Amino acid sequence: PLSLSVISHETASMLCGITIIREQRSFFSSNPSASGRLYDTHRPTSCLQKGILATGSAFLALSDPSRADMVAVLGDTTGHMFLKRILEKMKAEESGRKIIAEKPSLSSHLLSIDPSDMPPGSLGEAYFNWMASHGFSATERPVVQFVDDAELAYVLQRYREVHDIWHVLSNLNVSVEEEIAVKWLELVQTG
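Residues numbered from 1 in each chain as written. Predicted model: local features only at pLDDT ≥ 70, side-chain atom pairs only at ≥ 80, totals over all residues. Heavy atoms only, no water.

Participant: Before we move on, could you go through the side chain of Glu 161 and cite the residues and values that matter?
Facilitator: For Glu 161, the location among the structural elements is in helix 8 (residues 150-170). Salt bridges are absent for the buried Glu 161, whose nearest opposite-charge side chain, Arg 158, sits at 5.0 Å. Looking at Glu 161, its side chain comes within polar contact range of the side chain of Ser 105, at 3.2 Å. In this structure Glu 161 touches Pro 104, Ser 105, Leu 106, Ser 107 and Arg 141, once residues within four positions along its chain are discounted. (Helix = DSSP H or I, 4+ residues; strand = E, 2+ residues; numbered from the N terminus. Buried < 20%, exposed > 50% of the residue type's maximum accessible area, 1.4 Å probe, protein only. Lys, Arg positive; Asp, Glu negative; His and termini not counted. Salt bridge = Lys/Arg side-chain N within 4 Å of Asp/Glu carboxyl O. Polar contact = N/O pair within 3.5 Å; in protein donor to acceptor, adjacent residues only side chain to side chain. Contact = heavy atoms within 4.5 Å.)

Participant: Tell me what's going on with the environment of Ser 107, and back it up with residues and numbers.
Facilitator: Within the secondary structure layout, Ser 107 lies in helix 6 (residues 106-111). Along the backbone, Ser 107 and Ser 137 are 30 residues apart, and their C-alpha atoms lie at a distance of 8.8 Å. Dropping the residues within four chain positions of it, Ser 107 is found in contact with Ala 138, Thr 139 and Glu 161.

Participant: Quick rundown of helix 4 (residues 80-91)? Include the residues and the values.
Facilitator: When the terminal C-alpha atoms of helix 4 are compared, their 16 Å separation across 12 residues agrees well with the 16 Å that a helix rising 1.5 Å per residue should span. Residues His 80, Leu 83, Ile 86, Leu 87 and Met 90 constitute the buried set of helix 4. Mapping the buried residues of helix 4 onto a view down its axis gives an arc of 125°, with all of them on the same face. Opposite the packed face of helix 4, turned more than 90 degrees from it, sit the exposed residues Met 81 and Glu 88. (Expected span 1.5 Å × (residues − 1). Arc of directions from axis to C-beta.)

Participant: So what about the pattern of salt bridges? Which residues, and what values?
Facilitator: The final tally for this structure, using the stated rule, is seven salt bridges. Of the charged contacts, one joins Glu 151 and Lys 91 as a salt bridge, the two residues approaching to 3.1 Å between their closest N and O atoms. With Glu 151 in helix 8 and Lys 91 in helix 4, the pair connects residues that are 60 residues apart, well separated along the chain. When its relative accessible area of 22% is taken as the criterion, Glu 151 is described as partly exposed. The salt bridge involving Arg 97 is made with Glu 94; its shortest N-O contact spans 2.9 Å. With Arg 97 and Glu 94 both in helix 5 (residues 94-102), this residue pair falls three residues apart, about one helical turn.

Participant: Pulling in residues and values, what's your account of helix 7 (residues 123-134)?
Facilitator: Taking 1.5 Å as the rise per residue, helix 7 with 12 residues should run 16 Å; its terminal C-alpha atoms sit 16 Å apart, in good agreement. Looking at the packing, one finds that the buried side of helix 7 touches helix 6 and helix 8. Phi for Gly 135, located one or two positions after helix 7, is positive at around 70°.

Participant: Tell me what's going on with the nonpolar core, and back it up with residues and numbers.
Facilitator: With 16 residues, the main nonpolar core has Tyr 39, Leu 83, Ile 100, Val 144, Val 147, Val 155 and Leu 156 as its most contacted residues. Of all elements in the fold, only helix 4 and helix 8 reach the threshold of two or more residues within this core. Per element, the largest residue contribution to this core is seven residues, and it comes from helix 8. With near-sequence residues (within four places) excluded, Leu 156 lies in contact with Gly 75, Asp 76, Leu 83, Val 144 and Val 147. In this structure, Leu 106, Trp 130, Ala 138 and Val 168 belong to the second largest nonpolar core, which totals eight residues. (Core = buried A, V, L, I, M, F, W, Y, C linked by side-chain atoms within 4.5 Å.)

Here's what the structure looks like:
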């Protein structure tokens, strides 16, 4: 068997699609526990475990696209390079740097809003109407678990929180084909 001791940390990180972190403060909690957790919902996993999770979640998500939990696990375990690109783009803009620094949660903010207070014809009204018509709640998005970098985990959580806004803006529903179209739109917008 291949020993990782002969591979540098940087090479191992690239092979696994993860970032090895020696000391980093979490955006979810200020003091990561001794268990290796980098944020409250973090579940540390090895390369092998990530590969198994990615494969299994891909098969389950393809066989039942309504399994948002499996789509989320697939994103957690395979999205490292994509998340790094988004983070770099965010850090290149003042508004992105502010979001990264403050780490606002759209889901938490939406809980404090009464949908009937949204101005007629506004994006807020359209969003709440779309969510209600599909029986969705902003708080039902799966949390990030398998991303081994607290900053990238925040980027992915925010990406998930704004996903349904893309549905509203593009007037796309939730079929497999329309979800793929929304993913393409997200890719074009986020790079």
